[in-house]
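Inside the fold
The residues making up each chain are set out below.
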Amino acid sequence: MNNLVKILDIYGQDYYVCSKCLGRLFAVLGSGLTNKTRGESLLLALTLELHRKIFSKEQDISNEGLEGIKILAKKANYIIAQNILRNKDIKFQQFDDSKKCYLCQGVFDNLNQYASKAMVESQEIEFENFLVGCSCDFIINKEDKFKSEFNLTYSESFKNHFNREVGKLIEKGITRPVEFKNPEILFIFNLYYEKFNLSLQINPLFIYGRYRKFERGIPQTHWFCRNCRGQGCKECNGTGKQYPTSVEEKISDLFVKYSKASDSKFHGAGREDIDARMLGSGRPFVLQLIQPKIRKLDLRKLEKKVNKKNKKKVEISNLKFSTRRKMINLKANAEFSKKIYRAFVEFDEDINQSIFKEKLNKLKEQLENKIILQKTPQRVLHRRADLTRKKKVFEINGSLINSKHANFTIKTIGGTYIKELINGDGGRTTPSLTEIFGFQCICKELDVLNVEY
Ligand SMILES: [Zn+2]
Ligand SMILES: [Zn+2]
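1. Describing the domain arrangement of the protein
The domains assigned to the protein are domain 1 (3-87), domain 2 (107-202), domain 3 (205-335) and domain 4 (337-451). Spacing between the C-alpha centres of domain 1 and domain 3 amounts to 64 Å.

Here it is as structure tokens:
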């Protein structure tokens, strides 16, 4: 059956379909057309063909043409078919005005209501581009049945059509473009024909930076109280927190405030121990601001404010706007980046300068550019799987402070457990300083001096 015959069949069976929906049913055919123009063109082509048949000398064909024109006049409310009949003084039944399009129930005659709702709802939000989406399962199921009944295989989806047309109206109204890949805001319509509700999804804002931590005892991210898991109990004085603050909290609250975000997530490129300082040029992080109403942040100003508030504790620098992709890469690469640490180490035995020199040479020989094996440290076994990790040490240097203490600088690959590299963790890390020195060495203080990126 050709397409025009199919169309006549649709109207003949008393399905009224508006020109926009008719065009959508054949959207694959022709390009650079709106569905409205396509639908109107199909009706015109069909009408011209039926009109031609009326002129046929064969009575059957002529009648067929006339009946077809009557169907289009009455059931498709098609003006050109109606004009043909009027010119011939042929009476025809009027279109029933209470009838709505079987497929859209008038949605496509009233697209402005969706667009203006979106514009009103987003007035207070800052965004440069947007995307429209919709959920309308009921409409789609009904349309799918209809398409299979008439074997319509050149259609596009209701969703595509709706999203595009509403998108065009919003674009015009707010003079900001639709963005498919990375929209800053999504207008999602939950449709039941002309009844609908709109939800706004503001996509997160990502900010890259580096932080330094000058005070020990601050975890990188917020930790729930181990006892109550955030509910608040006696042990945590009702705060629900294991530690009073974190690098995350110290940095994020001002960003949340200025961006009017609902929340934030902190992504560090690895993390230092709670009791280790983070020095040098700092550790890279990405701050993810959830549902920000403001996106044009003055990062310089915010950096100053954050640093002023956290003086001598936490400092941020190098701020710039980032993306989800960069955030994911940052986390993935943390394991492969090189880190330099300073460790203040205490020895179990007295040691003098010449013994220290000798031991340091041994250390260099056995550790530099060598692979060490680390079983998951006993101190984190309660929350990490028991695995053996291969880690590389690049460089180690040291200087003796007194008979019991020395400072070491150690350059390793990311994810190396430095405290265990020093104390040996009861043989779970091998080789270790303890193993090579032949007596217990303990890391008393640890600083991260550099994170290479
Ligand atoms: Zn329609
Ligand atoms: Zn608690």
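2. Quick notes on the nonpolar core
Among the nonpolar cores identified, the biggest contains 47 residues, and Val 286, Ala 343, Val 345, Ile 418 and Ile 422 are the most heavily contacted of them. Ranked by the residues each element gives to this core, the list is headed by strand β6 (residues 276-290), at 6 residues. Counting 45 residues, the second-largest nonpolar core is a separate cluster that includes Leu 22, Ala 118, Val 166 and Leu 191.

3. Observations regarding the sheet that holds strand β2 (residues 185-192)
Pairing within the open sheet is mixed, and its 3 strands lie in the order β1-β2-β3. Each edge of the open sheet carries a strand with a single partner, namely β1 (130-135) and β3 (195-202). Each strand axis lies, on average, 20° off the axis of its neighbour in the sheet, ignoring direction. Two elements, β1 and β2, share 6 bridges in a ladder whose sense is parallel. By the bridge assignment, Gly 133 is partnered in β2 with Ile 188. The sheet strands contacting helix α6 (residues 111-121) are β2 and β3, and the helix crosses β3 at an angle near 40°.

4. Here we look at the pairing of β3
Of the pairings in the sheet, the one linking β2 to β3 comprises 8 bridges and is antiparallel in character. Bridge pairing in β3 places Tyr 192 opposite Lys 195. The turn joining β2 and β3, which pair antiparallel and follow one another in sequence, is formed by 2 residues; a positive phi near 55° is taken by Tyr 193.

5. What about the packing of α6 against helix α8 (residues 158-174)?
Between α6 and α8, whose axes approach to 9 Å, the crossing angle comes to 50°. Taken together, α6 and α8 sit at an angle that is classed as oblique. The two elements α6 and α8 meet at a crossing, and its hand is right-handed. The segment α6 lies against α8, with Leu 111, Asn 112, Tyr 114, Ala 115, Ala 118 and Met 119 engaging Glu 165, Val 166, Leu 169, Ile 170, Gly 173 and Ile 174. When its residues are assigned to classes, the contact of α6 with α8 shows 9 nonpolar, 2 polar and 1 charged.

Calculation rules
Residues numbered from 1 in each chain as written. Chains lettered and ligands numbered in written order. Predicted model: local features only at pLDDT ≥ 70, side-chain atom pairs only at ≥ 80, totals over all residues. Domains from an automatic or database assignment. Core = buried A, V, L, I, M, F, W, Y, C linked by C-beta atoms within 7 Å. Buried ≥ 20, exposed ≤ 12 C-beta atoms within 10 Å, placed from the backbone. Helix = DSSP H or I, 4+ residues; strand = E, 2+ residues; numbered from the N terminus. Pairing = 2+ DSSP bridges. Axes fitted to C-alpha atoms, helices over the stretch in contact; angles between N-to-C directions. Contact = placed C-beta atoms within 7 Å. Parallel < 35°, antiparallel > 145°, perpendicular 65-115°, else oblique. Left-handed = near helix turned anticlockwise from the far one by under 90°. Nonpolar A, V, L, I, M, F, W, Y, C, P; charged D, E, K, R; others polar.

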